[in-house]
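# Descriptive analysis of the structure
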Amino acid sequence: MDAGAVSKPDVPTTQPNTPNKLRMSDTRVTTCIGTVTKMEKHNNSWLVSFTLTDESTVSTIFPGVLNPCETGDSAHLYVREWQGRKIISGGFSTGVHWINHHPPVPVDLKTVEIVVSELDHYATPAGRVYVSIVGKSDTMQAKASFPETQVPREIEVGSLVRISRRDGGLMSPDITQNVFSGLPPVSQLEIAGESFIVESIGPQGTVACKRVAGAAFASR
């Protein structure tokens, strides 16, 4: 054999030790129990803050939803600790798994039927007269303000009225919790303007009310 053909072993090259950069996705995920302690509305989204059992807090955004939860609701949370703060891994979609949850039910309505409890007329500086209507049903409270010419004359306190949009579109009530009463969440609808239709109705359809000698009666 030719002695010159003997190969030399590879000499490993040495590089200075450089610590690997820790990415957020590399941090460990722990499952914690959190309780909703704060809710803040920002445009069409909600910033919901949870308090963990160690008194620390984490927050996430629920976009485009109507009151995603209630204060006091609890959930299993997937939590990462990153750069000195805790975050919910996956946000609201995959990082929050409700345990005790009482979300209000989103409602989109084409018509609203309420019994009038308050009825007031008021004039604007421009000289137009508006009618303020406050009413409620079994599941909803409503406040409405319309030009006087838009409200049928027969509507008064105790009347059953139907309100709908002229274009047939949907109305979405806000659902709020009265923390002092302890009652379930109540849908509250506030509407105003000339883009609505106000009707006086009876149990089986639209009725017209006539007043005779100070008494009111309905005729279909």
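Each chain carries its own residue numbering, running from 1 in the written order of its sequence. Totals for whole chains, interfaces and linings use all residues, but because this is a predicted model, local features are given only for residues with pLDDT of at least 70 and pairs of side-chain atoms are given and counted only at 80 or more. To obtain the side-chain values, all non-hydrogen atoms of the structure were included, while hydrogens and water were left out.

### Examining the nonpolar core
The cut-off we apply is this: To form a nonpolar core, buried Ala, Val, Leu, Ile, Met, Phe, Trp, Tyr and Cys residues must be joined to one another through side-chain atoms within 4.5 Å. Throughout, exposure labels follow a simple rule: accessible area from a 1.4 Å probe, protein chains only, divided by the maximum for the residue type, with under 20% read as buried, over 50% as exposed, and the rest as partly exposed. The contact rule is simple, with two residues in contact once any of their heavy atoms fall within 4.5 Å.
In terms of nonpolar packing, the biggest core is built from 19 residues, with Val-112, Ile-114, Ile-133, Phe-146, Ile-163, Leu-189 and Ile-191 touching the most fellow members. Residue contacts for Ile-133: discarding those within four places in its chain leaves Ile-114, Val-116, Glu-118, Leu-119, Ala-142, Lys-143, Ala-144, Phe-146 and Val-151. Counting residues in each nonpolar core, the second largest holds 14 residues, with Cys-32, Phe-50, Cys-69 and Ile-88 among its members.

### Quick notes on the pattern of salt bridges
Let me state the cut-off plainly: By convention in these notes, a salt bridge is any Lys or Arg side-chain nitrogen within 4 Å of a carboxyl oxygen on Asp or Glu. Every helix listed is a DSSP run of H or I at least four residues long, and every strand listed is a run of E at least two residues long, numbered separately from the N terminus.
One pass over the structure, following the stated rule, counts six salt bridges. Glu-113 is the salt-bridge partner of Arg-162, the closest N and O atoms lying 3.3 Å from each other. Linking Arg-162 in strand S10 (residues 160-165) with Glu-113 in strand S7 (residues 111-123), this pair joins segments that are 49 residues apart in sequence. Take Glu-113: its relative accessible area is 38%, and that puts it in the partly exposed class. Several salt bridges share partner residues, and in doing so they unite Glu-113, Arg-162 and Glu-199 into one network.

### Topic: the side chain of Asp-73
Quick reminder of the rule: Two residue types count as positive, namely Lys and Arg, and two as negative, namely Asp and Glu; His and chain ends fall outside the count. Polar contacts, as used here, are pairs of N or O atoms within 3.5 Å; protein pairs need one atom able to donate a hydrogen and one able to accept it. Residues neighboring in sequence count only if both atoms are side-chain atoms.
Inspection of the secondary structure puts Asp-73 in the loop between strand S3 (57-63) and strand S4 (74-82). Among buried Asp, Glu, Lys and Arg side chains, Asp-73 stands out as unpaired, with Lys-41 the closest opposite charge at 17 Å. Among the polar contacts listed, one links the side chain of Asp-73 to the backbone nitrogen of Glu-70, at a separation of 3.1 Å. Those residues in contact with Asp-73 that lie beyond four places of it in its chain are Gly-34, Thr-35, Val-36, Trp-98, Asn-100, His-101 and His-102.

### With respect to the pairing of strand S5 (residues 85-88)
Along any regular strand the residues' side chains alternate between the sheet's two faces. The criterion, for reference: Note on pairing: DSSP must find at least two bridges between two strands before they are called paired.
The pairing of S4 with S5 spans four bridges and is classified as antiparallel. Looking at S5, one finds that Glu-81 is bridged to Lys-86. What sits between the antiparallel neighbours S4 and S5 is a turn of two residues, in which Gln-83 has the positive phi angle 50°.

Remember that the coordinates give geometry; whether it matters functionally is a separate question.
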